[in-house]
Amino acid sequence: MATAAASFTFSAFSSAAKLHRNPKHLSLSHSLNPIRSLRTRLPHPHSIKTSTKITAAISVGDKLPESTLSYFDSDGELQTTTISDLTKSKKTILFAVPGAFTPTCSQKHLPGFVEKSSELKAKGVNTIACISVNDAFVLKAWKADLKIGDEVLILSDGNGDFTKAIGCELDLSDNAIGLGVRSRRYAMLVEDGVVKVLNLEEGGSFTSSSAQDMLAAL
C-alpha cells in the first residue's frame, strides 16, 4: 500500500512538473480565467429540458381529486371555490399555466380562452377556469393588467396542492428566473368531475392546450 501511494504521489508530481515546464498542456482559458472556463461548461438555462415523457397522475376517465382554490371576485373580496363546485353536474374547462405575467401565458394561452369563451360556452361549456401556482394577489394583478372580465375564472393554487394531486407539477428551480415548482401547461374538459379530454404539454410548451384545441375536442 505504501509503495502504491508513493507511486501515485510521484506520478502526480511528475505531471505537475511537466505542465510547469510546458504550459502548452494548459488551455489559455483554463490558466487565465477559470471562472469563464466553468461558465462555458455549464448548460445555458434555455437548454435545460424537462422530462421528455409526458405523464401525469390523472388521466382521461379519472375523477378529479377535491381541492380548494382561491380568487378575488369583482368586488375585490377574496373567495374560495372547490373542484366539486367547479365541476359537479357541469361541463367545465380547466387549463393551467406555468405562471402569471410570463410571455406565452399572457400573450397566447389565457387571451385565447378569453377570445373563444363565447364559442366554448355555445358548445355547452358552463365554466372556463385558469389555474396557476401563484398567489391570489398576483393573479388579481395579472387579470387587471390583461383587462379580463368574467369570461375566464382565474384561480390560485398557491401551494400547488391541486397541481401535485393530479401529478402536473413542473420543477423550474434550476431556471435563473427563480420560478420554483409550478404547473405544467394543460387544458382539460371535465364533465361532472370526470376528465373527458386531457391535453398535457411537455413542460411549458404550447402546442395542444389552446382554446382552439378544446373547441375541436367538443
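Our subject is the structure that appears above.
Keep in mind that this is a model prediction, so the values were computed, not measured. (Residues numbered from 1 in each chain as written. Predicted model: local features only at pLDDT ≥ 70, side-chain atom pairs only at ≥ 80, totals over all residues. Heavy atoms only, no water.)

Asker: Mind showing me how you'd approach the side chain of Ser 132 here?
Answerer: Here Ser 132 shows up in strand S4 (residues 127-132). Residue Ser 132 is classed as buried on the basis of its relative accessible area, which comes to 0%. A polar side-chain atom of Ser 132 sits 2.6 Å from a polar atom in the side chain of Asn 134. Once residues lying within four places of it in the same chain are set aside, the contact partners of Ser 132 are Val 97, Pro 98, Gly 99, Ala 100, Leu 139, Leu 155, Ser 156 and Asp 157. (Helix = DSSP H or I, 4+ residues; strand = E, 2+ residues; numbered from the N terminus. Buried < 20%, exposed > 50% of the residue type's maximum accessible area, 1.4 Å probe, protein only. Polar contact = N/O pair within 3.5 Å; in protein donor to acceptor, adjacent residues only side chain to side chain. Contact = heavy atoms within 4.5 Å.)

Asker: Could you clarify how one ought to interpret helix H7 (residues 136-145) in this entry?
Answerer: Along an α-helix, a turn takes 3.6 residues, which lines up residues three or four apart on a common side. Within the sequence span of H7, burial applies to Ala 136, Leu 139 and Trp 142. Looking straight down H7, one finds that the buried residues subtend no more than 115° of arc, so they occupy a single side. Exposed residues on H7 whose side chains face more than 90 degrees from its buried face are Phe 137 and Ala 144. Packed against the buried residues of H7 are strand S1 (68-72), strand S2 (78-82), strand S3 (91-97), helix H5 (103-115), S4 and strand S5 (153-156). Capping the start of H7 is the job of one residue whose side-chain oxygen sits 2.9 Å from the backbone nitrogen of Phe 137: Asp 135. Two residues or fewer past H7, Lys 147 is found with a positive phi of approximately 55°. (Arc of directions from axis to C-beta.)

Asker: Looking at this model, I keep getting lost on the pattern of salt bridges. Mind explaining?
Answerer: Think of it this way: side chains of opposite charge can pair up when their charged atoms draw near. In total, this model carries one salt bridge according to the counting rule given. With a closest N to O distance of 3.6 Å, Glu 119 and Lys 116 form a salt bridge. Since its relative accessible area comes to 40%, Glu 119 is described here as partly exposed. (Salt bridge = Lys/Arg side-chain N within 4 Å of Asp/Glu carboxyl O.)

Asker: Would you mind showing me how to read the environment of Glu 151 here?
Answerer: With respect to the element layout, Glu 151 can be found in the loop between H7 and S5. C-alpha separation for the pair Glu 151 and Ile 128, spaced 23 residues apart in sequence, amounts to 7.4 Å. When sequence neighbours within four positions are dropped, the list of residues in contact with Glu 151 reads Val 114, Ser 117, Lys 121 and Ile 128. At a separation of 2.9 Å, a polar atom in the side chain of Glu 151 contacts the main-chain amide nitrogen of Gly 149.

Asker: Teacher, can you tell me more about the nonpolar core here?
Answerer: Here is a general trend for soluble globular proteins: nonpolar side chains tend to be buried in one another's company. Of all hydrophobic cores here, the largest spans 23 residues; its most connected members are Phe 95, Leu 110, Phe 113, Trp 142 and Val 152. Elements with a minimum of two residues in this core: S3, H5, S4, H7, strand S8 (186-191) and helix H9 (211-217). No other element matches the four residues that H5 contributes to this core. Filtering out sequence-adjacent residues up to four positions away, Val 152 remains in contact with Phe 95, Leu 110, Phe 113, Val 114, Ile 128, Ala 129 and Cys 130. Formed by 19 residues, the second largest nonpolar core is a distinct cluster that contains Ala 96, Ala 129, Phe 162 and Ile 166. (Core = buried A, V, L, I, M, F, W, Y, C linked by side-chain atoms within 4.5 Å.)

Asker: In this structure, what is going on with the layout of surface pockets? I would like to understand it.
Answerer: Any empty space left between the atoms is revealed when a probe the size of a water molecule rolls over them. Reported here for the second largest pocket is a volume of approximately 290 Å³. Forming the boundary of the second largest pocket are 17 residues, of which Phe 72, Asp 73, Ser 74, Lys 143 and Gly 149 lie nearest the centre. Taken together, the elements giving at least two residues each to the lining of the second largest pocket come down to S1, H7 and S5. Here the lining of the second largest pocket gets five residues from one element, more than from any other, and that element is H7. (1 Å grid on protein atoms, 1.4 Å probe; cavity = no way out; pocket = protein on both sides within 12 Å on 5 of 7 lines; lining within 4 Å. Points joined across faces, edges and corners; volume = space filled by probe spheres on them.)

Asker: How do you make sense of the environment of Lys 143 when you look at a structure like this?
Answerer: In this structure, Lys 143 sits in helix H7. The class for Lys 143 is partly exposed, based on a relative accessible area of 24%. Separated by 42 residues in the primary sequence, Lys 143 and Phe 101 have C-alpha atoms spaced 9.5 Å apart.

Asker: So what exactly am I meant to see when it comes to H5 here?
Answerer: Taking 1.5 Å of rise per residue, 13 residues should cover 18 Å, and H5 covers 17 Å from first to last C-alpha, within 8% of that figure. All of the buried residues along H5 are Cys 105, Ser 106, His 109, Leu 110, Gly 112, Phe 113 and Val 114. (Expected span 1.5 Å × (residues − 1).)

Taken by themselves, the reported measurements are silent on function.
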